[in-house]
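Tertiary structure, described
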Amino acid sequence: MDFRIGHGYDVHALADDLKLVLGGVEIPYTKGLVAHSDGDVAIHAVCDALLGAAALGDIGLHFPDTSSDYSGIDSKILLHRTAAMVREKGYEIGNVDCTIRMQRPKLRPFIDAMRRALADAMGVDDDRVSVKATTTEHLGFEGREEGVSVSAVALIFRP
Ligand code: MG
């Protein structure tokens, strides 16, 4: 069996009065993520982990933020297309794990919905998807609520 792992990392700035979408789920909050797309920093990190595992470049290569095609796009569409690219190269998705670093709000109530949304977009069981969240104890840009960062890893395999 041919196993590959990949890593992804993304950051977006927070600003007042924008929609907050994380892991494919809209979260009620006073701030949202600034971006060309819907700003779903969790999905972007997962896409980069999958692309990295398959050595297919990165999200900016496939979905450039200079293209009007991706303006305001639902990032679940990007994840769906990314999973298709991985399968076109002959791989199946083993599992994905990501960690969201954000001071507020508490993400616990939304974690299972995020796992389901990511799993649906990739066409895998929920059990293959893990979403974790942590504060940074008020340290750094995440702790000051200036932005949100997410790191992700993915394992893919060719049966
Ligand atoms: Mg991004």
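Here the structure is a predicted model, which means the values were calculated and not measured. (Residues numbered from 1 in each chain as written. Predicted model: local features only at pLDDT ≥ 70, side-chain atom pairs only at ≥ 80, totals over all residues. Heavy atoms only, no water.)

Details of the overall build of the chain
Convention followed: Secondary structure follows DSSP: runs of H or I at least 4 residues long count as helices, runs of E at least 2 residues long count as strands, and numbering of each begins at the N terminus. The globule rule used for comparison is 2.2 Å times the number of residues to the exponent 0.38, while the radius of gyration itself is calculated over C-alpha atoms. Working rule for contacts: check all heavy atoms of both residues, and any pair within 4.5 Å makes them a contact. Calculation of accessible area relied on Shrake-Rupley with a 1.4 Å probe; when residues are assessed, cover is drawn exclusively from the protein chains displayed. Residues counted as positive are Lys and Arg, residues counted as negative are Asp and Glu, and His and the chain ends are not counted. To locate a charge, take atom NZ for lysine, CZ for arginine, CG for aspartate or CD for glutamate.
Scanning the chain from terminus to terminus reveals five helices and seven strands. Each helix (α) and strand (β) of the chain, taken in turn from the N terminus, gives the series β-β-β-β-α-α-α-β-α-β-α-β. Here the C-alpha atoms of the chain give a radius of gyration of 15 Å, agreeing with the 15 Å that 2.2 N^0.38 yields for 159 residues. Once the C-alpha set of the chain is aligned to its principal axes, its extents read approximately 45 × 35 × 25 Å. When contacts within the chain are restricted to residue pairs at least 6 apart in sequence, long-range pairs at least 24 apart make up 71% of them. Total accessible area on the chain stands at roughly 7700 Å², and carbon and sulfur atoms take up 51% of it. A gap of 4 Å separates the mean positions of the 17 positive and 24 negative side-chain charges of the chain.

With respect to the coordination of the magnesium ion
The test is simple: Coordination here is defined by N, O and S atoms within 2.8 Å of the metal (3.2 Å for Na, K and Ca), and since water is not considered, a site can look incomplete. Note on classification: 1.4 Å probe, protein chains only; a residue is buried when its accessible area is under 20% of the maximum for its type, exposed when over 50%, partly exposed between these limits.
In the first shell of the magnesium ion, the protein supplies D10 (OD), H12 (NE2) and H44 (ND1), at 2.1 to 2.3 Å from the metal. Mapping the donors of the magnesium ion onto the primary sequence gives the spacing D-x1-H-x31-H. Taken together, the residues H12 in strand 1 (residues 2-16) and H44 in helix 1 (residues 41-53) connect sequence positions 32 residues apart. Residues H12 and H44 agree in their burial class; the two are buried.

Concerning the pairing of strand 5 (residues 92-101)
Side-chain direction in a regular strand flips from residue to residue, so the side chains alternate between the two faces of the sheet. Our working definition: Here a strand pair is declared whenever DSSP counts at least two bridges between the two strands. By the criterion used throughout, a crossover qualifies as right-handed when its path from the first strand across the helix to the second strand runs clockwise, the strands pointing away from the viewer.
Where strand 5 meets strand 7 (residues 147-158), nine bridges bridge the pair, whose relative direction is antiparallel. Bridge pairing links I100 to V150 in strand 7. In the sheet, strand 5 pairs with strand 6 (residues 129-134) via six bridges, with the strands oriented parallel. Of the residues in strand 6, the one forming a bridge with R101 is T134. After leaving strand 5, the chain enters helix 4 (residues 111-122) and then returns to the sheet as strand 6, a path that is right-handed.

Quick look at the sheet that holds strand 7
Going by this rule: For helices, the fitted axis covers only the stretch in contact; all axes are lines through C-alpha atoms, and the angles between them, taken along N-to-C directions, range from 0 to 180 degrees.
Pairing is mixed in the open sheet, where five strands are placed in the order 4-1-7-5-6. Strand pairing shows two members of the sheet lacking a second neighbour, strand 4 (31-33) and strand 6, which therefore form its edges. Shown here is a sheet whose adjacent strand axes are inclined to one another by a mean of 20°, direction ignored. Relative to strand 6, helix 4 is tilted by about 140°, and along the sheet it contacts strand 5 and strand 6.

Focus on the packing of helix 1 against helix 3 (residues 75-88)
Our working rule: In these notes the angle categories are as follows: under 35 degrees is roughly parallel, over 145 is roughly antiparallel, 65 to 115 is roughly perpendicular, and the rest is oblique. Residues are grouped as follows: Ala, Val, Leu, Ile, Met, Phe, Trp, Tyr, Cys and Pro are nonpolar; Asp, Glu, Lys and Arg are charged; all remaining types, including Gly, are polar.
At their nearest, the axes of helix 1 and helix 3 sit 10 Å apart, and the two run at 10° to each other. In terms of their interaxial angle, helix 1 and helix 3 are classed as roughly parallel. Seen from helix 1, the contacting residues are I43, H44, V46, C47, L50 and L51; seen from helix 3, they are S75, K76, L78, L79, T82, M85 and V86. Within the contact of helix 1 with helix 3, the residues separate by chemical class into nine nonpolar, three polar and one charged.

Scope: geometric values only; no functional claims are made or implied.
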